[in-house]
Amino acid sequence: MSAHIIAVANQKGGVGKTTTVVNLAASLVEKKSKVLIVDLDPQGNATTGSGINKGNVTNGVYAVLLGNEEINNAIITAQHGGFDVLPANRALAGAEVELVQELAREMRLKNALAQVADKYDYIIIDCPPTLTLLTINGLVAARHIIVPMVCEYYALEGISDLIATVRKIRQAINPQLEILGIVRTLYDPRSLLAKQVDEQLMTHFPDQLFSTPIPRNIRLAEAPSHGMPALQYDPRATGTKAYLALADEILQRTATKQT
Ligand code: ADP
Ligand code: MG
C-alpha cells in the first residue's frame, strides 16, 4: 500500500480548505481508510481543529522540513476522528526563511512522506493560501490537488491562477501533479450567483467538478472550536453528510489512479 497524496489548495483564504481537510479525513476514516493530515499552514488551523494544542507542539512539520526531527516522531493521533496529524505550530512561519538556505528545499516534504506513505491510504495536505515555499513543498509532494472554491464572482479567476501554478510545478518538478477535483464550499443553492458560477464550472471543468457541493452549515463552523470534525460533533448535520458523500467521490476517483 502506498498513500494517495492529495494537496488541498487554493490561493484564496477563507474558502474552506482547512474545513475540507479535517472533515474529509474523518469521512475517509469512517469509510475504513487510514489517513494522515499534514498541516502546512503556519496558522495551524487543521492542527487545532483536530484537537491538538499547537502550543504544545515542539516537533511538528516545521522540524521535519528542516531535517531536525524524524517524521515518525512528529506524527500525533487526532483527539477525535481516528486519523493522524503531522501538526503545525507558529514556528512554521520561520521555516520559510530557513528553508531557503537548505538543499532540495522544494523536496523536503516529499522525501519525508516517502517514509510513511505505506502506512496510509490517504495523506491530505492543508496548504497555506499563499504560494510560498511551504505550498510548493505541498504541491511537489502531492499527486493530486483538490480545489475548494466559493461560488462567487471572482472564483473562476482564482481557479485560473491555481491552474497556472499547477502548470509551472508540473513543468519544473512534479510532472504527475493533477487536479483531482473542484469542490464547491460554503454553498447556497438559493443564490442566483451560485447557479451562474455552477453553469460556468460545468462548462469549463466538467470532469473536475465534484457533484457534491458542501453547504454553508453552522455545524461545520462550530466543530473546530471543540477540536473535532463535524462527523464527531454532529453526525446528522447536513455538512457532515456532504463531506461523507464527497469522500465517496474521492474514493471512486482515486480507485483508478496510481499513487
Ligand atoms: P481556509 O482554510 O480556506 O482559509 P476555512 O476552512 O478555515 O478556510 O474556512 C473559513 C471559515 O469559514 C472558517 O471559520 C470555517 O469554520 C468556515 N467554514 C468553512 N466551510 C464552511 C461551511 N461549509 N459552512 C459554514 N462555515 C464554513
Ligand atoms: Mg486554512
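Analysis parameters
Residues numbered from 1 in each chain as written. Chains lettered and ligands numbered in written order. Predicted model: local features only at pLDDT ≥ 70, side-chain atom pairs only at ≥ 80, totals over all residues. Helix = DSSP H or I, 4+ residues; strand = E, 2+ residues; numbered from the N terminus. Rg over C-alpha atoms; globule rule 2.2 N^0.38 Å. Buried ≥ 20, exposed ≤ 12 C-beta atoms within 10 Å, placed from the backbone. Contact = placed C-beta atoms within 7 Å. pLDDT = per-residue confidence, 0-100. Core = buried A, V, L, I, M, F, W, Y, C linked by C-beta atoms within 7 Å.

Student: Can you explain the overall build of the chain? Please cite residues and give values.
Tutor: What the chain contains, in helices and strands, is 12 helices and 7 strands. Relative to the globule expectation of 18 Å for 259 residues, the C-alpha radius of gyration of the chain, 17 Å, shows essentially globular dimensions. Counting only C-alpha atoms and orienting by the principal axes, one finds that the chain spans roughly 50 × 40 × 35 Å. A burial count over the chain gives 48% of its 259 residues as buried. A separation of at least 24 residues holds for 78% of the contacts in the chain among residues at least 6 apart in sequence.

Student: Outline the confidence of the model for the chain, supporting the account with residue identities and numerical values.
Tutor: Here the chain shows a mean pLDDT of 94. Residues at 70 or above account for 100%. Among the prediction metrics, the complex's ipTM stands at 0.99, with pTM recorded as 0.96.

Student: Can you break down the environment of P42 residue by residue, with the values?
Tutor: Here P42 lies in the loop between β2 (35–39) and α2 (45–49). C-alpha of P42 to C-alpha of N10: the two residues are 32 residues apart in sequence and 16 Å apart in space.

Student: I'd like a description of the nonpolar core, backed by residues and values.
Tutor: Core analysis: the largest hydrophobic core is formed by 81 residues, its most contacted members being A25, I124 and I125. Apart from the residues lying within four places of it in its own chain, the contact partners of I125 are I6, A7, V8, V38, L40, G138, A141 and A142.

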